[in-house]
Amino acid sequence: MKHKTFFWFILPTATAMLLFIALPIMSVVTQSLFTPHEQVFKVVENCGPFGCTESTSIDAEATEALRAEAPLGRFAGLGIYLDRGHLAVTEVGDAWRNRDSIGDFLGSLANLPFYRAMGFTLTYTFTVTPLLIALGFVIAISVNSLHRHLKGLVIFFSLLPMIVTPLIGSLILFWMIDSRGVIGTGLQWLFSDPDLSLKASTGLTWVMLIVYGVWHAAPFAFVVFYAGLQTLPKDTLESAMIDGATRWQQTKYVVIPHLMPLVTFVALIQLMDNFRVFEPIVGFNAEAHATSLSWIIFNDLGGETRLLSSAATTSVLTIIGVSILLSPVLVRTWRDFSTKG
Amino acid sequence: MSVKAFKQPPALRTLSTAFVVIWLILAAFPFLWTLWGSFKVELDFFSKGDWTDSLTGVRTIAEHGSAFTDNGYEGAWIQEEFWRAVFNTAIVCFFVVTISLTFGTLGGYALSRSSYRYTFWLLITALIFRAMPPITLVSGYLLPFFEWNLWGILPTTIIVLVAINQPFTLWMLHSFFQKIPKELDESAKVDGCSQFQAFRHVIIPIMWPGVITTGLFSFLLAYNDFAVTSMLLSKENQTMVPKIASFLGTTQTEGNVMFAVAAVVSATAPLFVLVMFFQRQIVSGLTQGAVKG
Amino acid sequence: MFLKKVALASSLALIAGNAYAACEISGRVNIVGNEFPAIQAVGAGAQECTGGEVEANLTADHQKINVAGMTGNPAEYTSAIVANSSIVALMNEDVIRPLDDLVAQYGQDLKRNQLITVDGKIMAVAFMANAQHLVYRADVLEQIGAEPPASYEDMLAAAAQIREQGIMEYPLGGAYKAGWNLAQEFNNMYIGMGGEFFTTGTAEASINNEQGIAALEMMKSLSEYMNPDFLTHDSNATSAEWKAGNVALMNMWGSRVGPLRETEGSSQVVVDNTMISAPMTVGGGSTPATTLWWDGWTVAKNISDEDAAATFQALTHAINPALLNDETTPMAVWLIDGYEPTPAATGVFAAANMNAVPYPMLPFQGLLHSALGAELSDFMQGKEDAATALADVEAAYSAAAREKGYLQ
């Protein structure tokens, strides 16, 4: 296709992405390199319904003058990236030097907010993604072997976890898994432990969030794999059967390779989405036990703190993290693209 | 070869059916429980004393005389005017899907027909764009939108949703178009059509399965969106999901929680109809494309 | 003659009554604030004004949009309803204006104690007060033969007795949800212990001391008598536990006590025996372990003088004594003339009378609050000791304060 024609075709979508994603990303990256000016204090008297007190306040005029001079703020360079709320280079160095053992070092790391969040985010991503792919695959195979009149209804109900929005879905489940709720009581009965509460321990909260993640995303994998199964070439299967392959061997050597491109697609999308996990943590009120990178951003942007540079930095770190995670898949796509020509 | 050869042995069949049943229960149970509970009062559905209250409706009977009450639905739809939110969602979804597909088909088609290196880099860039946490994006929009008086109105939200979902749309449509043989539009061009005419007369009639599938995913993304709609819409213009979240609010006044429950059920019902109606298209569309990674 | 006098008197009364109720403005008013019932009543009151356009956006996400919405020129929102913690964000960004001239012109009916002054300038007009105080089940305390606890130590003793006698397994309630709520409980306890948050005159946090450790230890002891999910329980969940009859003693916001005494959904036993008492002291101190809060309205800076005047008039009208009726009176502890404290308000009044400390209006208090909320949950789960937890809080706070320019 000629360059000029290509340009006109791609223009609408490129403009939209440029304006609403590219420019904000650049602005966010810029913001992560600057911090607000040093605040000028003054002591003032505050009076209210409960009497008067002396307290410190910001000298608005002096700060305004500073802001007028340099509107972006102070240049901090990589300062925010390396500070305690993010990569915490100094603290990690200290912990490494003063460690008693690797366990001790990991314990000190877990004390730092970014690494605590990374711990959960990576565990979540690398547990949920393979599990949801496996579950989606098994559901697809099972549904495929059903009687055709049942298929419609089953597909229809299987999609439910995916079509309810995550915030509301996790809220509903939060109500149900409470130790006095129906699922909570059910689990207590199942494990014969009357004191079992999913919300009370960190380990169980992580398990609960992971189970929710798999439950919510499996239908997406199911739909994609199910569609792929419809195009499975019957002749290859037949010849495998004639050659004496067992059912399991047929699955392993015919079905799975056929679905491989789809697995790559699902893995790509899900790795990215799971790394940015956020809604379940809010929906399950789980921040005492599990935080994620997106949750840190949300917290920083909150009304009373407004740590904009910090949030910008964590966002950039998230993008870098996703790029690193996706690099194997991207390399594979590059190879496909080059060979295809 | 006869179909009989493909039939599963009975043991495998039972296992497979059992698995499907278990999965169905897991998938549908929370929703059915919510559906049942939406006809109860708050202290039955969220009973901290005894979970069976939600089944029997003890306090619902005490308050309303019968085990079922439409209080939640009445409150949400009539008192809080949930129908406005439904109307807003309809507008937003319709425009997001149409604009998104228009931009996406043009872009995806161009990406699939161009053989230069920059195509790959554009796709990768789009993917990296998708990696940006939506909260940061939306917070960044607030200040400019307020300054230019664009905050709170539906068109702004529509354009933002279109733009944010472009990467996903582009990737899906790009792979669909790759499956359509290049020879079709090449021959049209040989016959004297411009690229756009080739696209319009040759490709558009056959691209529908892929487009419908992508459209459905776009629709779901717009329908269920919370991050963008909750921050960029004013009270009157809210779509369904932020409206439900607003019922929950900070002080969860008595009754408002049940409005949220009733609204959640109401919000999911049209999706059932949609899935039922389009399930063949979803499956066949994905088949046609066999979306590549 | 007599009839004429009566007629004159009644017509005068009518005119006076109408003048009180009428509100004519010319300008645009757009209010942003939180969405609980008291604020919705104020919003509705402002919307009674005719002549200008009055809108209100009352949402739980108000803190996410208020600064952005008031920064533009002209600002989208002409007024923000804030509390002592949230006004600081607006003052830091310099988006609200002093109200002295407007008060002189239109605010003759406002009382002195409704005016919030900062550095001699009136920055907000308060209309309600709130505080956390003790709420207890009279029947349960009677069963164990105890008086309503006056201190947290007494509360612990009562809780132990209640559990021993098998009345309730987890008799204490508290909004200990990780984040804002947990940090607020620490603030209360620390103030009760007599601690200072910052070194005077600077933005350096000074909570890693014996009062801080004592406060944390007390919170840990209390949590042992709470439902094990306490780190996920905010005020809503705690109120729900109360209504279900699972809790006998809790430290709760005054504004939330009203709904606890409504029969709808709760059992009669709970409703009839929900009683209020003054906030508790701790560690033998005399300052109650609680903070005083006010909610009030402000006027934006980046709007025309006409809109500012209209906003001021509309909101002054909204909080005039005519606002108080059977429906609105129990919604909050109103700082309005003619407010008759309902039984539910006694706790807040007691807090004020005991000279409770108002929540500090320091520009960097929010950063400390946020750091506390994020770092204390590890201690509450027993994963680290108090001193480490407080050191973590101070480190997290310092990093944030350095970023925002409060510390060098």
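J.: Can you tell me about the overall build of chain A, naming the residues and giving the values?
T.: Helix and strand content of chain A: 16 helices and four strands. By the compact-globule yardstick of 20 Å for 341 residues, chain A is too spread out, its C-alpha radius of gyration being 26 Å. Counting only C-alpha atoms, chain A reaches 90 × 70 × 45 Å along its principal axes. In chain A, buried positions account for 55% of the 341 residues. Taking the contacts inside chain A whose residues are at least 6 apart along the sequence as the reference set, 67% of them involve residues at least 24 apart. In chain A, 21 positive and 24 negative side-chain charges are present, and the distance between their average locations comes to 15 Å.

J.: Give me the overall build of chain C: which residues, what numbers.
T.: Counting its regular elements, chain C contains 16 helices and 11 strands. Its C-alpha atoms give chain C a radius of gyration of 23 Å, near enough to 22 Å, the size a compact globule of 408 residues would have. If you line up chain C on its principal axes, its C-alpha atoms span 75 × 60 × 35 Å. The buried share of chain C, reckoned over its 408 residues, is 61%. For chain C, restricting intrachain contacts to residue pairs at least 6 apart in sequence, the fraction spanning at least 24 positions comes to 75%. Total accessible area on chain C is roughly 14800 Å²; 52% of this is exposed by carbon and sulfur atoms. Positive and negative side-chain charges of chain C, numbering 19 and 47 respectively, have mean locations separated by a distance of 5 Å.

J.: Describe the packing of helix α1 (residues 3-32) of chain A against helix α8 (residues 134-147) of chain B, listing the residues and the values that go with them.
T.: In a pair of packed helices, the angle between the axes and the distance between the axes together describe the arrangement. Two elements in contact, α1 of chain A and α8 of chain B, have axes whose closest approach is 10 Å; the angle formed by their N-to-C orientations is 95 degrees. Viewed along their axes, α1 of chain A and α8 of chain B adopt a mutual orientation that is roughly perpendicular. Contacts between α1 of chain A and α8 of chain B involve Phe20, Ile21, Pro24 and Val28 of chain A from the former and Thr136, Leu137, Tyr141 and Phe145 of chain B from the latter. Classifying every residue of the contact of α1 of chain A with α8 of chain B gives seven nonpolar, one polar and no charged.

J.: Describe the pairing of strand β3 (residues 79-83) of chain C, and please don't skip the residues or the numbers.
T.: Residue and element names in this part refer to chain C. Burial of β3 is extensive: five of the five residues sit out of reach of the surface. Side-chain alternation along β3 places Ser79, Ile81 and Ala83 on one buried face and Ala80 and Val82 on a second face that is also buried. Relative to β3, strand β1 (residues 28-33) runs parallel, the two being bridged by two bridges. Within β3, the residue paired with Ile31 across the bridge is Ser79. Pairing analysis gives three bridges linking β3 to strand β9 (residues 291-297), with the strands arranged antiparallel. Within β9, the position partnered with Ala83 by the bridge is Asp295.

J.: Describe the interface of chain A and chain B, naming the residues involved and giving the relevant values.
T.: Across the contact, 90 residues belong to chain A and 94 residues belong to chain B. For the chain A face of the interface with chain B, the top three residues by lost area are Met1, Phe9 and Phe20 of chain A, together amounting to 9%. In this structure, the connection of chain A to chain B is made through one salt bridge. Residue Asp273 of chain A pairs with Arg130 of chain B through a salt bridge whose shortest N-O separation is 3.1 Å.

J.: I'd like to hear about the pairing of strand β5 (residues 121-137) of chain C, residue by residue, with values.
T.: Residue and element names in this part refer to chain C. By the criterion of burial, β5 is predominantly enclosed, with 16 of the 17 residues buried. Summarising the sheet, strand β4 (residues 115-118) and β5 pair through four bridges and their orientation is antiparallel. When the bridges of β5 are listed, Val118 appears paired with Lys121. The hairpin turn running from β4 into β5, its antiparallel successor, is two residues long, and Asp119 in that turn takes a positive phi close to 55 degrees. Of the strand pairs in this sheet, β5 and β9 are connected by six bridges, and their pairing is antiparallel. Across the sheet, residue Met128 finds its bridge partner in β9, namely Asp295.

J.: Can you lay out unusual backbone geometry for me, pointing to particular residues and giving the numbers?
T.: In this structure, Pro74 of chain C follows Asn73 of chain C across a cis peptide bond, with omega equal to 5 degrees. Mapped onto the elements of the fold, Pro74 of chain C is located in the loop between α3 (62-71) and β3. Of note in this structure, Ala88 of chain A is not a glycine but carries a positive phi near 50 degrees. Looking at the element boundaries, Ala88 of chain A is found in the loop between α3 (79-82) and α4 (89-97). Overall, Ala88 of chain A belongs to the buried group, its relative accessible area being 0%. Even without being glycine, Arg306 of chain A reaches a positive phi, approximately 50 degrees.

J.: Any details on the interface of chain C and chain A? Residues and values, ideally.
T.: Residue-level contacts link 59 residues of chain C with 50 residues of chain A. Interface area, chain C with chain A, both sides summed: about 4600 Å², of which 49% is carbon and sulfur. At the junction of chain C with chain A, the criterion picks out eight salt bridges. Arg180 of chain A is paired through a salt bridge with Glu241 of chain C; the nearest N and O atoms lie 2.4 Å apart. Seen at the junction of chain C and chain A, the total is 19 residue pairs in polar contact (both at pLDDT 80 or more). Ranked by the residues each element gives to the side of chain C that touches chain A, the list is headed by helix α16 (residues 386-404) of chain C, at nine residues. For the side of chain C that touches chain A, the residue count by class is 28 nonpolar, 16 polar and 15 charged. One ladder, built from two bridges, connects strand β2 (residues 41-48) of chain A with β4 of chain C; its direction is antiparallel. Each bridged residue has a counterpart across the sheet, and for Asn46 of chain A the counterpart in β4 of chain C is Val118 of chain C.

J.: Describe the nonpolar core, listing the residues and the values that go with them.
T.: Grouped together as the largest cluster of nonpolar side chains are 247 residues, with contacts concentrated most on Phe225 of chain A together with Ile87, Trp297 and Trp334 of chain C. A per-element tally of this core places helix α11 (residues 202-230) of chain A first, with 16 residues. With sequence-adjacent residues up to four places away left out, Trp334 of chain C is seen in contact with Ala38, Val42, Phe127, Met128, Leu323, Leu324, Thr328, Thr329 and Tyr339 of chain C.

J.: Could you give an account of the packing of aromatic side chains, naming the residues involved and the relevant values?
T.: Any aromatic ring pair is given by two values, namely how distant the centres are and how the planes are angled relative to each other. Per the counting criterion, the structure on display carries 56 aromatic pairs over all chains. Seen from their ring centres, Phe6 of chain A and Tyr118 of chain B are 5.2 Å apart, and the 45 degrees between their planes marks the pair as tilted. Placement of the pair is Phe6 of chain A in helix α1 and Tyr118 of chain B in helix α7 (residues 117-130), with the two residues belonging to separate chains. Phe6 of chain A sits in the buried class, given a relative accessible area of 5%.

J.: Help me get a handle on the environment of Leu72 of chain A, residues and values and all.
T.: All names here are of chain A. Here Leu72 lies in the loop between α2 (60-69) and β4 (74-75). Measuring from C-alpha to C-alpha, the distance between Leu72 and His37 comes to 8.9 Å, with 35 residues separating the pair along the chain. If near-sequence neighbours (up to four positions away) are discounted, Leu72 is found in contact with Thr30, Phe34 and Thr35.

Parameters and conventions
- Residues numbered from 1 in each chain as written.
- Chains lettered and ligands numbered in written order.
- Predicted model: local features only at pLDDT ≥ 70, side-chain atom pairs only at ≥ 80, totals over all residues.
- Heavy atoms only, no water.
- Helix = DSSP H or I, 4+ residues; strand = E, 2+ residues; numbered from the N terminus.
- Rg over C-alpha atoms; globule rule 2.2 N^0.38 Å.
- Buried < 20%, exposed > 50% of the residue type's maximum accessible area, 1.4 Å probe, protein only.
- Contact = heavy atoms within 4.5 Å.
- Lys, Arg positive; Asp, Glu negative; His and termini not counted.
- Charge placed at Lys NZ, Arg CZ, Asp CG, Glu CD.
- Areas by Shrake-Rupley, 256 points an atom, 1.4 Å probe, with all protein chains shown as cover.
- Axes fitted to C-alpha atoms, helices over the stretch in contact; angles between N-to-C directions.
- Parallel < 35°, antiparallel > 145°, perpendicular 65-115°, else oblique.
- Nonpolar A, V, L, I, M, F, W, Y, C, P; charged D, E, K, R; others polar.
- Pairing = 2+ DSSP bridges.
- Buried area = accessible area lost by both parts, 1.4 Å probe.
- Salt bridge = Lys/Arg side-chain N within 4 Å of Asp/Glu carboxyl O.
- Polar contact = N/O pair within 3.5 Å; in protein donor to acceptor, adjacent residues only side chain to side chain.
- Core = buried A, V, L, I, M, F, W, Y, C linked by side-chain atoms within 4.5 Å.
- Phe/Tyr/Trp six-rings, centres within 6.5 Å; stacked < 30°, edge-to-face > 60°.

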